Amino acid sequence: MVELFQITGSSSFAVRCALEEIGEPYRVVDVVPFQREATPALGAANPWRRVPTLVHGEARVYEIGACLLYLAERFPAAGLQPPVGDPARGDYLRWLVWLSDTFRPLWERIMAPRFFTTDADTSGVHAKGMEELAQVGEVLEAELAGREWCAGGRYTVADIYLYMLVGWQHYMPGLRIGGDAVASHYARVGSRPAIARTRDLDDLDERQLRRHPELRGGVAMDAPVVKFD
């Protein structure tokens, strides 16, 4: 059985979505934010003590992109990746790497700019991040125009990853990434039963915002709640 170390409403959301799509039984280990050392098994599986982390038999997998790739390959019957040799596989791999290397790190600069400068004034880092995010939105809109899914006609874990990252726009009221094509893709992924089920498990609404901000997955946890302005 796959074991998922997670923090509800965090970046582990995408991996739990994939597990729900796959439909195989899995076990969740809820990690308390800012108290990760309280879960020794997480440190044993991932020296960085980050979520998501998967343990599956002898396999130890962490980093979002790696977890999604692993699940799609380990459970091929779920059809969450183009098979080797399929022309769409190049697009699929490109999307996953780009989401991991470019889009997700951009959010960190926007939402936690203090980690990217020694200056007390972090406005420059944030402003540059927002400028790059606007460019990302333009590219996403062009890439998704006329496409149902990232890799063309096949729904993959890349779509799940993109859905999560686009959803983070709702942390910042008034922000919109891309245009109608991006919004349509977000709605298509969000309407899938497995994605809706995962939102409920994480106590998230359709915007991926916590229904009960003081809770994690609807359960009280002894940890502070961090809000991004």
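Residues numbered from 1 in each chain as written. Predicted model: local features only at pLDDT ≥ 70, side-chain atom pairs only at ≥ 80, totals over all residues. Heavy atoms only, no water.

(A) Fine view of the overall build of the chain. Scanning the chain from terminus to terminus reveals eight helices and four strands. Starting at the N terminus and ending at the C terminus, the chain contains elements arranged as β-α-β-α-β-β-α-α-α-α-α-α. Here the C-alpha atoms of the chain give a radius of gyration of 17 Å, agreeing with the 17 Å that 2.2 N^0.38 yields for 229 residues. When each of the 229 residues of the chain is scored for burial, the buried share is 46%. Looking at the chain alone, contacts between residues at least 24 apart form 64% of all its contacts between residues at least 6 apart. Of the accessible surface of the chain, which amounts to about 11,100 Å², a share of 53% is contributed by carbon and sulfur atoms. Once the 25 positive and 31 negative side-chain charges of the chain are each reduced to a mean point, those two points are 2 Å apart. (Helix = DSSP H or I, 4+ residues; strand = E, 2+ residues; numbered from the N terminus. Rg over C-alpha atoms; globule rule 2.2 N^0.38 Å. Buried < 20%, exposed > 50% of the residue type's maximum accessible area, 1.4 Å probe, protein only. Contact = heavy atoms within 4.5 Å. Areas by Shrake-Rupley, 256 points an atom, 1.4 Å probe, with all protein chains shown as cover. Lys, Arg positive; Asp, Glu negative; His and termini not counted. Charge placed at Lys NZ, Arg CZ, Asp CG, Glu CD.)

(B) Fine view of the pairing of strand S2 (residues 26–30). Where strand S1 (residues 2–6) and S2 come together, five bridges link them in parallel fashion. Following the sheet pairing, Leu-4 is matched in S2 by Val-28. Following the backbone out of S1, through helix H1 (residues 13–22) and into the adjacent parallel S2, one traces a crossover that is right-handed. (Pairing = 2+ DSSP bridges. Right-handed = clockwise from strand over helix to strand, strands pointing away.)

(C) Layout of the nonpolar core. Among the nonpolar cores identified, the biggest contains 55 residues, and Val-15, Leu-54, Phe-103, Trp-107, Leu-140, Val-157 and Leu-162 are the most heavily contacted of them. Those elements giving two or more residues to this core turn out to be S1, H1, helix H3 (64–74), helix H4 (88–111), helix H5 (123–144), helix H6 (157–167) and helix H7 (180–190). No other element matches H4, which puts 10 residues into this core. The residues contacting Leu-54, other than those within four sequence positions of it, are Val-2, Glu-3, Leu-4, Val-15, Leu-19, Ala-59, Arg-60, Val-61, Cys-67, Tyr-70 and Leu-71. In this structure, Val-31, Leu-42, Ala-45 and Val-51 belong to the second largest nonpolar core, which totals eight residues. (Core = buried A, V, L, I, M, F, W, Y, C linked by side-chain atoms within 4.5 Å.)

(D) Representation of the side chain of Gln-6 in the model. Topologically, Gln-6 is positioned in strand S1. By relative accessible area, which is 1% here, Gln-6 ends up buried. A distance of 2.7 Å separates the side chain of Gln-6 from the side chain of Asp-30, its partner in a polar contact. When near neighbours in sequence (up to four residues on either side) are disregarded, Gln-6 contacts Ser-12, Arg-16, Val-28, Val-29, Asp-30, Val-31, Val-51 and Asp-202. (Polar contact = N/O pair within 3.5 Å; in protein donor to acceptor, adjacent residues only side chain to side chain.)

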